[in-house]
Amino acid sequence: MVALETTVTGPAGTAPRAAGMAIDVRAVSHRFELHGAPLPVLDGVELRVEPGELVALLGPSGCGKSTLLRLIAGLEPPSSGRILADGRPIGGPDPSRVVVFQDPTLYPWRTVRDNVALGLEARGLLRSQGRRVEEALALVGLTGFAKAYPHQLSGGMAQRAALARALVNDPRLLVLDEPLGKLDSLTRLAMQSELVELWRSSGFTGLLVTHDIEEALFMATRVIVFSERPARIKADLPVDRPYPRHRGDPVLTELRHRILELLGLAETW
Ligand SMILES: Nc1ncnc2c1ncn2[C@@H]1O[C@H](COP(=O)(O)OP(=O)(O)OP(=O)(O)O)[C@@H](O)[C@H]1O
Ligand SMILES: [Mg+2]
């Protein structure tokens, strides 16, 4: 598979900083309580993500995608089933698994550099590994804005800062929950390319929730399509195309049609 090869050497032979993590979601079901009644949200989800893959999750709003990401991040345990990271049960959050949400949520009173430094600071690593902050800022193209405050950034730059804050931990799994959802379409296209480059050069495993089918097909090695809530996996579609991809690629167009059909939207195509 294309992505697996890229994680061995990265582009231009650069070595990956951290090897990607394998994720096994085994027979996971999850339910919440709403007004005293059970609300089933995930229904028997089975998913194996190989190290270094970039897997996109698509599905109707409210079907349970963010919930699945929260379980994988270790923010809560599933009602039933098991989730394994590199074969070991996930017991809680861990710096090797990082989530970036749609809203950047930077601390307004901290500079960009100090926001990015948070993870290292919390783990007492800032003194010994502080250079990683500069590296992460350089990776997302924010070197010149290290001393800026969040209100001095554009939306796209704030999202980059949030990404740098995740990357500074050198994650082995990067979980992205609609990270580009609030950006204008031009910034969004540029950031899709940048994220793919970051992923290819870093070697982490990526999970990306998006509502944008083109985005999923442009970026991911595989696209998982979920049903309405409670989410079940409706389709698991490999996107076996080399990078960098071309948005007009007929294979991607064909896959797009397939996905629209699965989502019940084919007639609008
Ligand atoms: N803490 C909670 N307590 C009760 N219900 C919840 C909780 N978190 C989520 N839900 C419910 O779980 C369902 C799935 O929510 P989730 O956020 O996973 O959907 P999603 O697929 O990410 O949707 P979207 O695409 O709109 O972001 C929703 O019906 C939501 O109301
Ligand atoms: Mg969501």
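Residues numbered from 1 in each chain as written. Chains lettered and ligands numbered in written order. Predicted model: local features only at pLDDT ≥ 70, side-chain atom pairs only at ≥ 80, totals over all residues. Heavy atoms only, no water.

Looking up the protein in an unreviewed UniProt entry gives the name NitT/TauT family transport system ATP-binding protein, with the organism given as Azospirillum picis. Taken directly from UniProt, the Sequence similarities (unreviewed entry) text for the protein runs: "Belongs to the ABC transporter superfamily." (UniProt positions renumbered as here; feature names shortened; annotations may be inferred.)

Observations regarding the site of ligand 1
Around ligand 1, the structure places 15 residues, and the nearest of them are S61, G62, K65, S66 and T67. Contact between ligand 1 and S61: an oxygen atom at 2.6 Å from a side-chain N or O atom of the residue. With respect to ligand 1, the side chain of R229 contributes an N or O atom lying 2.8 Å from an oxygen atom. Against a free-state accessible area of 640 Å², the protein chains account for coverage of 65% of ligand 1. Mapped by element, the contributors of at least two residues to the shell around ligand 1 are β1 (23-34), β2 (37-49) and α2 (65-73). The element best represented in the shell around ligand 1 is α2, accounting for three residues. The residue inventory of the shell around ligand 1, partitioned by class, reads five nonpolar, six polar and four charged. (Near = heavy atom within 4 Å. Polar contact = N/O pair within 3.5 Å; in protein donor to acceptor, adjacent residues only side chain to side chain. Areas by Shrake-Rupley, 256 points an atom, 1.4 Å probe, with all protein chains shown as cover. Helix = DSSP H or I, 4+ residues; strand = E, 2+ residues; numbered from the N terminus. Nonpolar A, V, L, I, M, F, W, Y, C, P; charged D, E, K, R; others polar.)

As for the pairing of β1
Within a regular strand, side chains alternate between the sheet's two faces. Sheet analysis places β1 next to β2, joined by nine bridges and oriented antiparallel. Across the sheet, the residue bridging to V28 is V45, located in β2. (Pairing = 2+ DSSP bridges.)

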